[in-house]
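Structural overview for review
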Amino acid sequence: MTAERLVCFMNRSAIVVTLSLVVGITPGMAAADLASKVHFDISAQPLPSALLKYSDQAGVQIASTAEIIEDKATPGVVGTLVARNALEQLLSGTGLVYEVIDASTVAIHPATATRSAPEQRQTVPSPAPASKSNGKESFWSRFRLAQADDGEAPPEPKQKDESGAPKKAAPVEEVVVTGTHIRGSNTEASNLTSVTREDFERAGFQDVGQALRAIPENFGGGVNPETNVANIQVGGANHNASGISSANLLGLGSGATLTLLNGERLPAVAEGLAVDLDLVPVAAIERVDVLTNGASAIYGTDAVAGVVNIVTRRSYDGVEARARYGGAEGGSDTYRGSVLAGGQADNLSGVVAVEYTNRGRLGAGDRERSQSLEAPFDLVGNSNKVSAYAAGQYDLGSRLSLSADAVYMRRAEDSYYTYYGTTSYYAPTISEYAASSELSAKLADTWTLSAYGSLRGNTNDVLAYDDVSQSTSRSNRHNYLRSLELRASGDLFSLPGGAPQLAAGAAFRKEGMTSGTNSKAESDRTVGSLYAEVSVPIVGPNNRVPLVEDLRLTLADRLDHYSDVGSVSVPKVGLSWDLNRSFAATASYSRSFRAPSPFDRADSYFSVIVGGVADNTPTGKSTTLYLGGTGASLTPERSKNVNVGLTYTPEWLEGFKVGLSYYGIDYTNRIAGPDPSQIFAFDIRNAPAELITRAPTQAALNAIVADAYSSYALSSPYDLSLVSAVVDMRNTNISSTHIDGMQVSPAYRIDLTRGVLDLRTDFSYIGHFTDRVRAGVAEATRVGTIFNPPRFRTRLSAQWTAPQWGASLFWNYVDSYTDDRVAGAPLGVASWITFDASVYLDFGAESRRDLRILLGATNLLDRKPPFITSTGNYYSAANWDATNASIVGRFTSLEVIKRW
């Protein structure tokens, strides 16, 4: 194995090295430092910062170029591993490999590098000390500068720019670590999944929403683009007139998942149902972290099912343009174009991105499972979206920096829905914005003090038209969030196992909702918070004992005071334990508290008269007054979370790793609509009696309608005298919910002669998922029933990376389940298997400044969603479950990426 001549040169941010090296190393050639076992604690993050941490923790110096690694991310590595194996894990999925240069130096380069003859290998002498600018160590100067193979020293770096002024070092980018405020710490590795920008490209994901719906631990039901069809079957749990995408981890509802942007919360959209995942331009996304663990003590008391954190690109050197076209048979043609540019001048660095997306409609008549729906009926509506993003950082000195980011998005949609001959037209327009800034000061070697401020909000304007009544209505809602936060973090005193780390802070936020058309839908509140998190190394490199290579205790607590519901404390205790060099275990217990959202507390509900409802009456039908929305009587939700994880990285099988985790959640007072396994919209034959008022008086009906913000009729004249039953489908506090399950994620990376093969499986299993609607009422099982999460979901992937090209294949499995909509007559729903695939070509991949072409397809074999039968009325006419399967079919796309 040899290294060809190393040519040193100067780029815009630092002195870097151009390397043309051998792919991989042969056994026995690793130096002593690379063969030793070290405890690593490096979370998923941008590759440059991860390599810096690796260099510090392993004592291994690294040579590379800024262009090669600056726009890549790594899944991280946690545990006690051979240094060589840990580096392989860091580079997994990046298309990069490493080469041993000398006893303590490696070089990073693309997998497309050319092999050299063994006799050409030479030892590279040590370089001169890294230069500094203005007393501050350059970001890139921490990487080793290798000398040329002729023994000559590299050229002296320029310390002045063209004007003669001292050249400034590139600013160090703050690394966002999901699940903790302690820098460099991550004890939740078995529960953390990261979807990187490269994953978006290789899997053919159109947006963040689609990426989340592909993850087995996320349920597709709730607020998502295709679930308005399920809304007519199930009810308000899937209401999505605004066309947004939301996260729904473990199927506990969008409100139980806390969605963040760079670690900071976002306000919900429209009626306070969920946060929109597709706020940020796809071109500006670094990665999306998914943490299925109660994280309320870290981010806020309402992170019950977990956290989705959208991490954006904070720096880039150059220009990147993307153009993408995709479509399905019969419609949903999608066009997207974006430009991202960034650079660095003096102590200032920044990046900007703009993106435009147009998606065409897909009609019910274009799919077999939906042809029974009356036309016109849009399965996917028309959409036009424009978004822009900017981020920057300015170093005010060696210890003080100021950073800021901002994003704006405007999306206009329109859709047609037809029920019983009445065609409704919905045209929502959503504008969203988020701006934040941070002032960070380094107080000592390990201590940092940071002050944050943010302004975030959205406006949702919906135009609705009814072709029967010829009536037009408009609703307008504005959600907002303002926050301030002060945080300090650093090392404490010294212990035999190492120095404990502390992060503590105080925060204040004001959040609320206003309405231009409904004064009852207005509410606000303030929340003050104090929090602390400490990570204590009990056993470390200096005091190891048998079966304990590393043992770390994490304690966290958060005290939130809500102006409307009072104060609450949510503690968390976690333990990470490396048994030996192959096994690592984690365990945690936490509590969560979710106050009713501003919309939940707004006492805002609607009523609708519906004729022809399937009912247990002599005629089998009734005219019913449905109530939907929310009410001020709701009380806070609470939960207890238990998580246990195990990671196995065998020494005897390089490149293999498997994670296993268990979760259990006891959720009380959960705010939700009626249990969908007991009541379905427009079919109340199986509905709990406590939700139905039979033969209501005229006075009672008048009072109900008078308090509603909106009242209308569907498939019936608007005549209260016809109403024989009132069904209360408003959100309420469910007595209790319990869910438990397991997640398994084996991965195997195989380095071959002409490329790298990455194999991975993500497997999710739900053991129990039960609801008790009211105290004293029997539990209802949700898992494995229609419009609920299935018991099993799996996604397998095989990704091949070779010189100048690569290919990926994904296998998706949704388990079979039961259709229990008719009491006493359950039906089976078949499992659903689909394949996704992609292939890409890289022209100029070594520099990553040229051209990349990607061809991808989701649902490659065009598999129809499993058939579900009609239960005898119009609203069950759609013959598929939109919460568990997509009706779109095969969607192919072509993307071209050009970098300068």
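Residues numbered from 1 in each chain as written. Predicted model: local features only at pLDDT ≥ 70, side-chain atom pairs only at ≥ 80, totals over all residues. Heavy atoms only, no water.

On a plain count of helices and strands, the chain comes out with nine helices and 49 strands. Of all 900 residues assigned to the chain, the portion counted as buried reaches 59%. Considering only contacts within the chain whose residues lie at least 6 apart along the sequence, 69% involve residues at least 24 apart. Accessible surface computed for the chain: about 33,000 Å², of which carbon and sulfur atoms make up 57%. (Helix = DSSP H or I, 4+ residues; strand = E, 2+ residues; numbered from the N terminus. Buried < 20%, exposed > 50% of the residue type's maximum accessible area, 1.4 Å probe, protein only. Contact = heavy atoms within 4.5 Å. Areas by Shrake-Rupley, 256 points an atom, 1.4 Å probe, with all protein chains shown as cover.)

What follows is about a nonpolar patch on the surface. There is a patch of nonpolar side chains on the surface, built from L555, V573, F583, Y589, V642, V644, L646, L660, Y662 and M742 and spanning about 720 Å² of accessible area. Of all the secondary-structure elements, those providing two or more residues to the nonpolar patch are β32 (583–594), β35 (637–648) and β36 (656–672). Per element, the largest residue contribution to the nonpolar patch is three residues, and it comes from β35. One can find V573 in strand β31 (residues 572–578). You can call V573 partly exposed: its relative accessible area is 34%. (Patch = residues over 30% accessible without salt bridge, like charges linked within 9 Å, V, L, I, M, F, W, Y side chains within 5 Å. Salt bridge = Lys/Arg side-chain N within 4 Å of Asp/Glu carboxyl O.)

In space, the five strands of this open sheet follow the order β12-β15-β16-β13-β14, with mixed pairing throughout. Looking at which strands have only one partner, the edges of the open sheet turn out to be β12 (192–196) and β14 (264–265). Strand direction decides the pairing type here: strand β13 (residues 257–261) and β14, joined by two bridges, are antiparallel. The residue of β14 that forms the bridge with L260 is R265. (Pairing = 2+ DSSP bridges.)

Let us now look at the pattern of salt bridges. Here the structure, examined in full by the defined rule, presents 34 salt bridges. The partner of D836 in a salt bridge is R795, with the nearest N and O atoms 3.2 Å apart. Note that D836 is positioned in strand β47 (residues 832–843) and R795 in strand β43 (residues 792–802), a separation of 41 residues in sequence. Each of the salt bridges in this network shares a partner with another, and the network as a whole consists of E201, R313, E320, R322, D842, R852, E895 and R899.

The subject of this paragraph is helix α2 (residues 47–58). Across its twelve residues, α2 extends 16 Å between first and last C-alpha, which sits within 8% of the 16 Å expected from 1.5 Å per residue. When we look at burial in α2, the residues that qualify are L47, P48, S49, A50, L51, L52, K53, Y54, S55 and A58. Positive backbone phi, at 70 degrees, marks G59, one or two positions downstream of α2. (Expected span 1.5 Å × (residues − 1).)

What follows deals with the side chain of R509. You can see R509 is positioned in strand β27 (residues 501–515). Note on R509: relative accessible area 7%, which makes it buried. A polar side-chain atom of R509 sits 3.3 Å from a polar atom in the side chain of E511. Contact partners of R509, with chain neighbours within four places excluded, come to R265, L481, R482, S483, R525, T526, V527 and Y562. (Polar contact = N/O pair within 3.5 Å; in protein donor to acceptor, adjacent residues only side chain to side chain.)

This part is about the packing of α2 against helix α4 (residues 83–91). It is the contact of α2 with α4, at a shortest axis distance of 11 Å, that shows an interaxial angle of 175 degrees. Looking at the two axes, α2 sits roughly antiparallel to α4. In contact with L47, A50, L51, Y54 and A58 of α2, α4 contributes A83, R84, A86, L87, L90 and L91. Broken down by class, the residue content of the contact of α2 with α4 amounts to ten nonpolar, no polar and one charged. (Axes fitted to C-alpha atoms, helices over the stretch in contact; angles between N-to-C directions. Parallel < 35°, antiparallel > 145°, perpendicular 65-115°, else oblique. Nonpolar A, V, L, I, M, F, W, Y, C, P; charged D, E, K, R; others polar.)

Two strands pair when backbone bridges link them, and strand β17 (residues 318–328) and strand β18 (residues 331–345) are joined in this way by ten bridges, in the antiparallel orientation. Across the sheet, residue A321 finds its bridge partner in β18, namely V339. Count of turn residues in the β17/β18 antiparallel hairpin: two residues, of which G330 carries a positive phi of about 95 degrees. With twelve bridges joining them, β18 and strand β19 (residues 348–359) adopt antiparallel strand pairing.

One pass over the structure, following the stated rule, counts eleven aromatic pairs. Seen in terms of ring centroids, F377 and Y417 are 5.2 Å apart; in terms of plane orientation they differ by 80 degrees. Their pairing is edge-to-face. A residue pair is termed long-range when its members are at least 10 positions apart, and F377 in the loop between β20 (362–363) and β21 (378–380) and Y417 in strand β23 (residues 400–419) qualify at 40 residues. Of the two residues, F377 and Y417, both sit in the buried class. Above the face of the Y840 ring, R852 is positioned so that its terminal group lies 4.2 Å from the ring centre. (Phe/Tyr/Trp six-rings, centres within 6.5 Å; stacked < 30°, edge-to-face > 60°. Lys NZ or Arg CZ within 6 Å of the ring centre and 35° of its normal.)

Looking at the chain, the pLDDT average stands at 78 and 79% of residues meet or exceed 70. Counting contacts from residues 1–32, a segment whose pLDDT is below 50, to residues more than four positions away or on other chains yields 113 contacts. Contacts of residues 112–175 to residues separated by more than four positions or lying in other chains number 143 contacts, the stretch itself having pLDDT below 50. (pLDDT = per-residue confidence, 0-100.)

Before going further, it helps to examine the environment of S401. Structurally, S401 is set in strand β23. If near-sequence neighbours (up to four positions away) are discounted, S401 is found in contact with Q393, Y394, D395, L396, E438, L439 and S440.

Before going further, it helps to examine the side chain of R793. Relative to the elements of secondary structure, R793 occurs in strand β43. Polar side-chain contacts of R793 include one of 3.0 Å to the backbone oxygen of R213. When near neighbours in sequence (up to four residues on either side) are disregarded, R793 contacts R213, A214, I215, P216, N218, D762, F763, S764, Y813 and V814.

Before going further, it helps to spend a moment on the environment of V545. Mapped onto the elements of the fold, V545 is located in the loop between β28 (523–539) and β29 (550–562). Sequence spacing of V545 and N580 is 35 residues, and the spatial spacing of their C-alpha atoms is 10.0 Å.

Here the focus is the pairing of β35. Here β35 shows one buried face, formed by E637, S639, N641, N643, G645 and T647, and one open face, formed by R638, K640, V642, V644, L646 and Y648. As judged from the twelve bridges shared by β32 and β35, these two strands associate in the antiparallel manner. The residue of β35 that forms the bridge with R591 is K640. Sheet topology note: the β35/β36 ladder contains eleven bridges and is antiparallel. Looking at the pairing, G645 lines up with S661 of β36.

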